[in-house]
Amino acid sequence: MDRSSSSGNDRVPDPNGIRRSLLRDAVFLKLLENVLRGVYRRGQRLRLDDIARDMQVSRTPVREALVPLESLRLVSVQRYVGVMVAPWSVGQMVERLRVARAMIADPAPGCQGVDEPFDAHVLRSCMTEAGALVELGAWYLRRRGAIVSADWLAAQRAVLDTFFTDDVAVANGIDAVVGRRARVQQVERAAAAAERGQLDLCASELLGLAEDLIALPDRFRSAA
């Protein structure tokens, strides 16, 4: 554990002494899951004090965690009102995938491609095939020189990866288990192609994966 002797403003008042950046990330992921699962309802006002108390942290990591949530358009910070859960929809999640598919299908190079070998170990941190799509897609776009597109796609990693986990998907009426084996195989083929530097083959697999994920909400509704 990091128990550095920094100034009082930087020190985290947490009993475990967790480094603030890690605490912020943990709070962000929990808030993200709560929003996507519907624990926090659309239009609900969020009170920082309540969140901090529930998560047993100070207000600082909560405020910091709200910044990426707002950039993902899942909450809005309004003056004199506070933090409100945005009226997001399943359709908006699908639209993120449509944009990703379009970027991969037709990269818009703005500079020379980055000669960066693909490290399949990064996929171990992905919870779902959607997370793997983002990791592989961002790598592919960097190789093609579409750095701006790669950065945008990489920023969608947390929200898409979380949305397609089983519990969150079920909460949104989606059965993410159906067809998973085929999607996992697409990820494996795309990763293998990436490791060999076969960009066209990698892109082809990613486009197929994106199509399957886009179709998932309409084709496979959860019984719940």
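Just so it is clear, the model here is predicted, and its values are computed rather than measured.

**With respect to the side chain of Q186**
Then, number 1: Structurally, Q186 can be placed in helix α9 (residues 180–195).
Then, number 2: Q186 has contacts with E205, G208, L209 and D212, leaving out every residue within four places of it along the chain.

**Structural notes on the pairing of strand β2 (residues 75–78)**
Then, number 1: Sheet topology note: the β2/strand β3 (residues 82–85) ladder contains 4 bridges and is antiparallel. Bridge pairing in β3 links S76 to M84.

**Brief notes about the layout of surface pockets**
Unoccupied space between atoms shows up once a probe the size of one water molecule is rolled over them.
Then, number 1: A volume near 310 Å³ is recorded for the largest pocket.
Then, number 2: Lining the largest pocket are 13 residues; nearest its centre among them are S71, L72, R73, R96 and Q156.
Then, number 3: When residues of the lining of the largest pocket are traced back to their parent elements, those giving at least two are α3 (59–71), α4 (90–105) and α6 (147–155).
Then, number 4: Ranked by residue count, the leading element in the lining of the largest pocket is α4, at 4 residues.
Then, number 5: Class assignment for the residues of the lining of the largest pocket results in 7 nonpolar, 3 polar and 3 charged.

**Observations concerning the sheet that holds β2**
Then, number 1: Taken in spatial order, the 3 strands make up an open sheet running β1-β3-β2, and their pairing is antiparallel. Edge positions in the sheet fall to β1 (45–46) and β2, since each has one partner strand and no second.
Then, number 2: This element, α3, spans β2 and β3 of the sheet and lies at about 115° to β2.

**Comments concerning the pattern of salt bridges**
Then, number 1: Counting across every chain of the model gives 14 salt bridges.
Then, number 2: Notably, a salt bridge pairs D49 with R59, separated by 2.7 Å at the nearest N-O pair. Note that D49 is positioned in helix α2 (residues 48–55) and R59 in helix α3, a separation of 10 residues in sequence.
Then, number 3: When its relative accessible area of 36% is taken as the criterion, R59 is described as partly exposed.

**Thoughts on unusual backbone geometry**
Then, number 1: Even without a glycine there, the phi angle at Q56 is positive, about 60°.
Then, number 2: Secondary-structure assignment places Q56 in the loop between α2 and α3.
Then, number 3: You will see that R73, though not glycine, has its phi angle at about 65°, which is positive.
Then, number 4: Inspection of the secondary structure puts R73 in the loop between α3 and β2.
Then, number 5: For R73, a relative accessible area of 69% translates into the label exposed.

**Here we look at the nonpolar core**
Then, number 1: Within the largest apolar cluster, 65 residues are counted, with the highest numbers of intra-cluster contacts made by L36, L74 and L136.
Then, number 2: Per element, the largest residue contribution to this core is 9 residues, and it comes from helix α10 (residues 199–219).
Then, number 3: The residues contacting L74, other than those within four sequence positions of it, are L32, V35, L36, L69, M84, V85, A86, W88, M93 and V159.

**As for the pairing of β3**
Then, number 1: Bridge count for β1 against β3 is 2 bridges, and the pairing is antiparallel. Its bridge partner being in β3, L46 is matched across the sheet by V83.
Then, number 2: Two successive antiparallel strands, β2 and β3, enclose a turn made up of 3 residues, where Y80 displays a positive phi of approximately 70°.

**Quick word on the packing of helix α5 (residues 129–143) against α9**
Then, number 1: Packing of α5 against α9 brings their axes to within 10 Å, and their N-to-C directions diverge by 20°. Compared by their axis directions, α5 and α9 come out roughly parallel. Between α5 and α9 lies a crossing whose hand is left-handed. Contacts between α5 and α9 involve E129, A132, L136 and W139 from the former and R180, R183, V184, V187, A190, A191 and A194 from the latter.
Then, number 2: For the contact of α5 with α9, the residue count by class is 8 nonpolar, no polar and 3 charged.

Rules used throughout
Within each chain, residue numbers correspond to sequence positions counted from 1 in written order. Local features are withheld for residues below a pLDDT of 70 in this predicted model, meaning they are given only at 70 or higher, and side-chain atom pairs are given and counted only at 80 or more; totals for whole chains, interfaces and linings count all residues. In computing side-chain properties, one takes all heavy atoms of the structure into account and sets aside hydrogens as well as water. Runs of H or I in DSSP of at least four residues are treated as helices and runs of E of at least two as strands, each being numbered from the N terminus. Any two residues whose heavy atoms approach within 4.5 Å are treated as being in contact. Pairing between strands is defined by DSSP: at least two bridges between them are needed. A cavity, in this analysis, means grid points on a 1 Å lattice covering only the protein atoms where a 1.4 Å probe fits yet has no way out; a pocket is instead an open set bounded by protein on both sides within 12 Å along at least five of seven lines, and a residue lines either one if it has an atom within 4 Å of a point. Grid points are joined across faces, edges and corners, and a volume is the space filled by probe spheres set on the points. Under the scheme applied here, ten amino acids are nonpolar (Ala, Val, Leu, Ile, Met, Phe, Trp, Tyr, Cys and Pro), four are charged (Asp, Glu, Lys and Arg), and all others, including Gly, are polar. Structural elements are reduced to axes, namely lines fitted to C-alpha atoms, with helices fitted over the stretch in contact, and the angle between N-to-C directions of any two is expressed from 0 to 180 degrees. Salt bridges are identified by distance alone: a Lys or Arg side-chain nitrogen within 4 Å of an Asp or Glu carboxyl oxygen. For the exposure calls, accessible area comes from a 1.4 Å probe over protein chains only, and a residue counts as buried if that area is under 20% of its type's maximum, exposed if over 50%, partly exposed in between. Here, the term nonpolar core denotes a set of buried Ala, Val, Leu, Ile, Met, Phe, Trp, Tyr and Cys residues that are joined through side-chain atoms within 4.5 Å. Roughly parallel covers angles under 35 degrees, roughly antiparallel covers those over 145, roughly perpendicular covers 65 to 115, and oblique covers all other angles. We call a crossing left-handed when the near helix sits turned anticlockwise from the far one by less than a right angle, and right-handed when that turn is clockwise.

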